[in-house]
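# Reading the structure
Each chain, letter by letter, is given below.
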Amino acid sequence: MSDKMVKISEKLKGNVARSVNPYGCRQEVINQINYVKGKGHYDGAKKALIIGGSSSYGLASRITQAFGSGADTISVAFERPVKDETMLGTAGWWNNIYFKQEAEKAGLLAKNFNGDAFTEDMKKQVIDYIKGEFGGQIDLLVYSVAAPKRSNPNNPDEVWRSQLKPIGKEVTGYNINLQENSLFEQTIEGATQEEVDATVHVMGGEDWEIWVQELKDAGVLAEGFKTILYSYIGSPVTYDFYHEGTLGKAKDAAEESSHKIQKMIDDIDGKSLISVSKAVTTKASVVIPIFPVYCIALYKVMQEKGTHETPIMHKDRLFRDMVYGNKPEFDERGRLRPDAWEQDEDTQKKTVALMKQITPENFNTDLTAYSTFRKEFMQINGFEVDGVNNDSVDYDEITKLRP
């Protein structure tokens, strides 16, 4: 231990975390690994590439492949490293480091690329690595990207920025401020067509298509290759901001991309999948208007039913039971539906009824699952993790670590 101990504490600005506990992130990664190990082995991927693999659903997908199926993995993610004693990097930076440590202890390959997945340079780096050091081919690509912007690959000077907005109308509703532990009324104006189009470019399936096409052209896709992108539908009470908003348009475009990808990989007996996910606590979900209020009601109902899931629980079930198991649940459009527990008719009925009871005075009580929602958010950044009580980190020790 060095003499250079840096104090750490929870810091929020609205619903954005401004601090991180690296040791808490390490324990959270270990906790997720232990969850998967506890479920036992399944026959899944052996060589997996996860675009957006540093946190939330992407990290969970990586962990279940590695520790459930024994897969070697590559992650591409854009995370901020340690800058100085006041800026200890992002949670995803530490997740990558500690995942790699645990994977290598288990005798698995774990490669982390830190950079912009949208760029041609990153695609080339990954392809070169697959050819040179990763065995030559991959059998799974998970595309789990939540990004604020993307440059036009045909005109780098043009930058598309994603927007979380309704379409064609102004919407007012309650939202949560995690910093102040308060509920407030928020009004969001409708998106312009330009904003809709930009969100589709960033959050749709265009870049997913490019990844698959370039990987295939390079000859690094194995026979029977699978690729999957995560979508979300949710409840009608969130449709204005999600399913029928700008993000919903992007997810519709991603489904069209999936059909195009399927044609690309038919000749290698490949499979392109869209999976509709459950609502969970992520860095992105807490800034979607109205959505956090839906979550604190939904979680309460699902906890009482015993069906509430965190990202690792949800994605392990998806891959173990549906993608590689014998319990797939497809809808009429061919999408996998592990969100069936959220969409259960009784669950939705009780959730909507509970939302109608929520007020600024009672939202932070046993009426809702606000305490669960807030704790899950803090755990993303390494805080409020059971068994991790340190209030400082060894700066010299952590700055030696690289992903």
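Description of the structure in this document. For every chain, the first residue of the written sequence is number 1, and numbering continues from 1 onward in sequence order. Only residues with pLDDT of at least 70 are given local features in this predicted model, and only at 80 or more are side-chain atom pairs given and counted; all residues enter the totals for whole chains, interfaces and linings. To get the side-chain values, all heavy atoms of the structure are used, and hydrogens and water are removed first.

Further remarks concern the environment of Pro 81. Here Pro 81 shows up in the loop between β5 (72–77) and α3 (91–105). Taking relative accessible area as the criterion, Pro 81 reaches 35% and is therefore assigned partly exposed. For the pair formed by Pro 81 and Thr 199, sequence separation is 118 residues and the distance between their alpha carbons is 27 Å. With residues up to four places along the chain from it excluded, the contact list for Pro 81 reads Met 87, Gly 89 and Trp 93. A run of H or I in DSSP counts as a helix once it spans at least four residues, and a run of E counts as a strand once it spans at least two, with each numbered from the N terminus. Buried means the residue's accessible area, taken with a 1.4 Å probe over protein chains only, is under 20% of the maximum for its type, while exposed means over 50%, and partly exposed covers the values in between. Whether two residues are in contact is decided by their heavy atoms, any of which lying within 4.5 Å being enough.

All right, on to helix α9 (residues 311–323) then. In terms of burial, α9 is largely enclosed, as 11 of its 13 residues are buried. All buried positions along α9 are accounted for by Pro 311, Ile 312, His 314, Lys 315, Asp 316, Arg 317, Leu 318, Phe 319, Arg 320, Met 322 and Val 323. Close packing links the buried residues of α9 with α1 (22–39), α2 (56–69), β7 (138–143), β12 (221–231), β13 (271–276) and α10 (340–343).

Time to look at unusual backbone geometry. Even without a glycine there, the phi angle at Asn 181 is positive, about 50°. Positionally, Asn 181 belongs in the loop between β10 (171–177) and β11 (182–188). Of note in this structure, Asp 269 is not a glycine but carries a positive phi near 55°. Mapped onto the secondary structure, Asp 269 falls in the loop between α7 (246–265) and β13. We classify Asp 269 as exposed; its relative accessible area is 57%.

By the secondary structure assignment, Asn 381 is in the loop between α12 (370–380) and β14 (392–394). On the basis of relative accessibility, which here comes to 6%, the residue Asn 381 falls in the buried class. Non-local contacts of Asn 381, meaning those with residues more than four positions away in its chain, are made with Ala 17, Ser 19, Val 20, Asn 21, Cys 25 and Ala 91.

For the rest of this paragraph, the subject is the pairing of strand β6 (residues 110–114). Only when DSSP finds a minimum of two bridges between them are two strands counted as paired. The pairing of β5 with β6 spans five bridges and is parallel. Across the sheet, Thr 73 pairs through a bridge with Ala 110, a residue of β6. By convention a crossover is right-handed if, when the strands point away from the viewer, the path from the first strand over the helix to the second runs clockwise. For the handedness criterion, the β-α-β arrangement of β5, α3 and β6 is classed as right-handed.

Only buried residues count toward a nonpolar core, which is a set of Ala, Val, Leu, Ile, Met, Phe, Trp, Tyr and Cys residues joined through side-chain atoms within 4.5 Å. Counting 86 residues, the largest nonpolar core has Leu 49, Trp 211 and Leu 215 as its most contacted members. The biggest single contributor to this core is helix α8 (residues 291–305), with 10 residues. If we skip the residues at most four places from it in the chain, Leu 49 touches Ile 74, Val 76, Val 126, Ile 138, Leu 140, Leu 141, Val 142, Trp 211 and Leu 215.

For salt bridges, the criterion is a side-chain nitrogen of Lys or Arg within 4 Å of an Asp or Glu carboxyl oxygen. For the structure on display, the rule yields 23 salt bridges. Across the salt bridge formed by Lys 47 and Asp 72, the nearest N and O atoms sit 2.8 Å from each other. Taken together, the residues Lys 47 in strand β4 (residues 47–51) and Asp 72 in strand β5 connect sequence positions 25 residues apart. Judged by relative accessible area, Asp 72 falls into the buried class, the value being 13%. Where Lys 350 meets Asp 346, a salt bridge forms, and the shortest distance between an N and an O atom there is 3.2 Å.

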